[in-house]
Amino acid sequence: MPLDHAIQCIHDPLLVILSYVVSVLGSFTALQLAIAIPNASGPARWRAVTAAGIAMGGGAIWAMHFIAMLACRMNVEVTYDLPITLGSAVVAVVSCMAGLGIAGTGVFNWGKLIIGGVLMGLGVTGMHYAGMAAMLMPADTVYDSTLVMASAAIAIVASIVALWLAFNLRGWGQMLGSALVMGVAVCGMHYTGMLAASFVPNQAGSAATAGGVSGGYLGVGIFVVTTALLAAVLTISLLRQRQRAMVRI
């Protein structure tokens, strides 16, 4: 079937807003956690890298991505392959951990920043299109290669910026402003990737959606759970920072 018969994706405005909010909260939490990476060593350093990677990859990027995917309403049933969806989350977290680990090792410099940012950006791009591949529906997905390349470029630039911010900013005001900007960048990458996709109906019928996960409140549920976890991690991190500051006095 030609692309002019492609299924239209109408985004739910509530879920679009929630996807941005969770991306900002995840970015802010990751920036707070990344403070500990440069000065830590041994197991403490890897705990800091893991925590910041999960906040960035799992909260700011993957949760934003999946909520925004669920925001896409089409006039055909859509479910999601659970193993592929979970695998895409792992890709996001691991790529963010790699980027943070590389950029935060030793003396900060542009070479490590670019290498870490490219790896992280390619991982984020892979996460997005793996998440798209998880869609089970009676339609085929056709991509505009130019927009796919544009989404990858946005992901790489956003990753480089995120890593620079993680190791060069201090203070609540700067971090909040940076998190707001990061939320825009992450959302920009996602919606550019969505714009690259056209969904062309096929003859698969209802069998195409069998075995996938779905639900009318799944997007809101993911937002609530992710926000609660990020808020808990952020609170613990800030309390520990305050305790360390009091010890130094």
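Everything numeric here is computed off the predicted structure, so don't read it as measured data.

Caption draft 1: Quick peek at empty space enclosed by the protein. Here the structure, examined in full by the defined rule, presents 3 cavities of 30 Å³ or more. Of the voids in this model, the largest cavity is the one considered here, and its volume is about 70 Å³. Taken together, M56, I61, M120, V124, A155, A158, S159, M182, V186 and M189 form the lining of the largest cavity. Elements with a minimum of two residues in the lining of the largest cavity: α2 (42–71), α4 (110–133), α5 (145–168) and α6 (172–195). Residue classes in the lining of the largest cavity are distributed as 9 nonpolar, 1 polar and no charged.

Caption draft 2: Representation of the environment of V142 within the structure. With respect to the helices, strands and loops of the structure, V142 is situated in strand β5 (residues 139–143). Each C-alpha atom, one on V142 and one on A6, is 9.4 Å from the other, the two residues being 136 residues apart in sequence.

Caption draft 3: Structural detail: the state of the cysteines. On inspection of all chains with the given rule, the structure shows 1 disulfide. For C9, the disulfide goes to C72, at an S-S distance of 2.0 Å. On the criterion of sequence distance, the pair formed by C9 in the segment before β1 (10–11) and C72 in strand β2 (residues 72–73) is long-range, its members being 63 residues apart. On the basis of relative accessible area, C72 is assigned to the buried category, the value being 10%. C96 carries a free sulfur, and the closest cysteine sulfur to it, the one in C187, is 14 Å from it.

The rules behind these values
- Residues numbered from 1 in each chain as written.
- Predicted model: local features only at pLDDT ≥ 70, side-chain atom pairs only at ≥ 80, totals over all residues.
- Heavy atoms only, no water.
- 1 Å grid on protein atoms, 1.4 Å probe; cavity = no way out; pocket = protein on both sides within 12 Å on 5 of 7 lines; lining within 4 Å.
- Points joined across faces, edges and corners; volume = space filled by probe spheres on them.
- Helix = DSSP H or I, 4+ residues; strand = E, 2+ residues; numbered from the N terminus.
- Nonpolar A, V, L, I, M, F, W, Y, C, P; charged D, E, K, R; others polar.
- Disulfide = S-S within 2.5 Å.
- Buried < 20%, exposed > 50% of the residue type's maximum accessible area, 1.4 Å probe, protein only.

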